[in-house]
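Results of the structural survey
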Amino acid sequence: MKKALIYFTMIVGIIAFIGACKSSDDDSSTAATGGCGTLTEVTTSCSSTPSGSITGIDNQTLTGVFSTMHYYGIIGSPSGVDNTTDCISNESLLSSMEASIGKPDGALGLIMNTAVTSSSSMSARNIWYSDTSCSTEIARYSNGYINVAVGDNVTGLSTSVSGKSGTYPSTATKVTWNNSCNIFKASTAAGLTYLDTLFSGTLSLDLGTEYKCANQTGNKYLLMKVLDTSALGIGIDSTL
């Protein structure tokens, strides 16, 4: 199968949450606790399961999962990035994630990737584990993106970025999307504490229960580029 790198002009995977709320298991509209107010109904488009494909980005068809750390697995440095499972166990990388999104007590592994969930939606997923093989889950959360629309191809982009090393693509494809929802679940007491801290105590969570809430925002814009892995540029991996 062909491997390709996808270059984003924004960081994907570390996404800020806004207005997270608790929902019932059947996703119906209901009053939410924990200071969330009234929950907006979450539709079936709120999913983190890979499905379907998105066409047109650099004239390619994108499907499956894009790993934000796959590049390190390709070059083999630093160690502790498993491209087969997407498991990140490298202490330095986990520390950098902790500085941005926190880390549950006892967490030794993290899967952080973005899944194509339909022809017009994606989900940025973050799952913490208590072991270096990413087998025993502590907590998870994800952002749902809808209305993913592929626009025009652009040329003449700067191939250098201030403060960054390496050569960047001079061409890319315009892509827009909207935030739609959040999905989160605590599998252990440490995960429960982590999510409660992450959301500043605004959630009312039960252990082992998956929650969804609407998180709708205006349009977001980015550029995407498919690169051959021989370039080993900065990017996100996809199996095409």
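Residues numbered from 1 in each chain as written. Predicted model: local features only at pLDDT ≥ 70, side-chain atom pairs only at ≥ 80, totals over all residues. Heavy atoms only, no water.

**Looking at the environment of threonine 217**
- As for its position among the elements, threonine 217 is in the loop between β11 (210–214) and β12 (219–228).
- Under the relative-accessibility criterion, threonine 217 is labelled partly exposed at 24%.
- Measuring from C-alpha to C-alpha, the distance between threonine 217 and tyrosine 145 comes to 9.9 Å, with 72 residues separating the pair along the chain.
- Those residues in contact with threonine 217 that sit more than four places away from it in its chain are Asn178 and Asn179. (Helix = DSSP H or I, 4+ residues; strand = E, 2+ residues; numbered from the N terminus. Buried < 20%, exposed > 50% of the residue type's maximum accessible area, 1.4 Å probe, protein only. Contact = heavy atoms within 4.5 Å.)

**Points about helix α3 (residues 189–198)**
- Buried within α3 we find Gly191, Tyr194 and Leu195. One face of α3 carries all of its buried residues, which in axial projection span an arc of 95°. In α3, the exposed positions that point more than 90 degrees away from the buried face belong to Ala189 and Thr197.
- Residues of α3 that are buried make contact with α2 (91–101), β8 (121–129), β9 (137–154) and β10 (172–186). (Arc of directions from axis to C-beta.)

**A few points about empty space enclosed by the protein**
- Scanning the model with the defined rule gives 2 cavities of 30 Å³ or more in all.
- Each pocket or cavity is described by its volume, and for the largest cavity that value is around 50 Å³.
- Together, Ser48, Arg125, Asn126, Ile127, Arg140, Tyr141, Ser142 and Ile183 line the largest cavity.
- Among the elements of the structure, β8 and β9 are those that each provide at least two residues to the lining of the largest cavity. (1 Å grid on protein atoms, 1.4 Å probe; cavity = no way out; pocket = protein on both sides within 12 Å on 5 of 7 lines; lining within 4 Å. Points joined across faces, edges and corners; volume = space filled by probe spheres on them.)

**Regarding the nonpolar core**
- Counting 23 residues, the largest nonpolar core has Met69, Met97, Trp128, Phe184, Tyr194 and Leu195 as its most contacted members.
- Going through the elements one at a time, α2, β7 (109–118), β9, β10, α3 and β11 are the ones with two or more residues in this core.
- It is α2 that contributes the most residues to this core, 4 residues altogether.
- Core analysis: the next-biggest nonpolar cluster, separate from the first, contains 14 residues, Ile54, Leu62, Leu222 and Val226 among them. (Core = buried A, V, L, I, M, F, W, Y, C linked by side-chain atoms within 4.5 Å.)

**Brief notes about the state of the cysteines**
- Applying the stated rule across the entire model yields 2 disulfides.
- Between cysteine 46 and cysteine 181 runs a disulfide, and the two sulfur atoms are separated by 2.1 Å. Taking the sign of the S-S torsion, about 105° here, the bridge from cysteine 46 to cysteine 181 comes out right-handed. Of this pair, cysteine 46 sits in the loop between β1 (3–8) and β2 (53–57) while cysteine 181 is found in strand β10, placing the two residues 135 residues apart along the sequence.
- Given the relative accessible area of 2%, cysteine 46 is considered buried.
- There is a disulfide in this structure between cysteine 87 and cysteine 134, and the S-S distance comes to 2.1 Å. The S-S bond linking cysteine 87 to cysteine 134 shows a torsion near 75°; that makes this disulfide right-handed. Taken together, the positions of cysteine 87 in strand β6 (residues 87–88) and cysteine 134 in the loop between β8 and β9 put the pair 47 residues apart, joining distant regions of the chain. The residues cysteine 87 and cysteine 134 share a single accessibility class, namely buried. (Disulfide = S-S within 2.5 Å.)

**Topic: the pattern of salt bridges**
- Applying the stated criterion across every chain, the model contains 3 salt bridges.
- The salt bridge involving aspartate 58 is made with lysine 225; its shortest N-O contact spans 3.4 Å. Pair noted here: aspartate 58 is in the loop between β2 and β3 (60–63) and lysine 225 is in strand β12, with a separation of 167 residues, a long-range link.
- Owing to a relative accessible area of 14%, lysine 225 belongs among the buried residues under this scheme.
- Residue lysine 103 is joined to glutamate 98 by a salt bridge in which the shortest nitrogen-to-oxygen separation is 4.0 Å. (Salt bridge = Lys/Arg side-chain N within 4 Å of Asp/Glu carboxyl O.)

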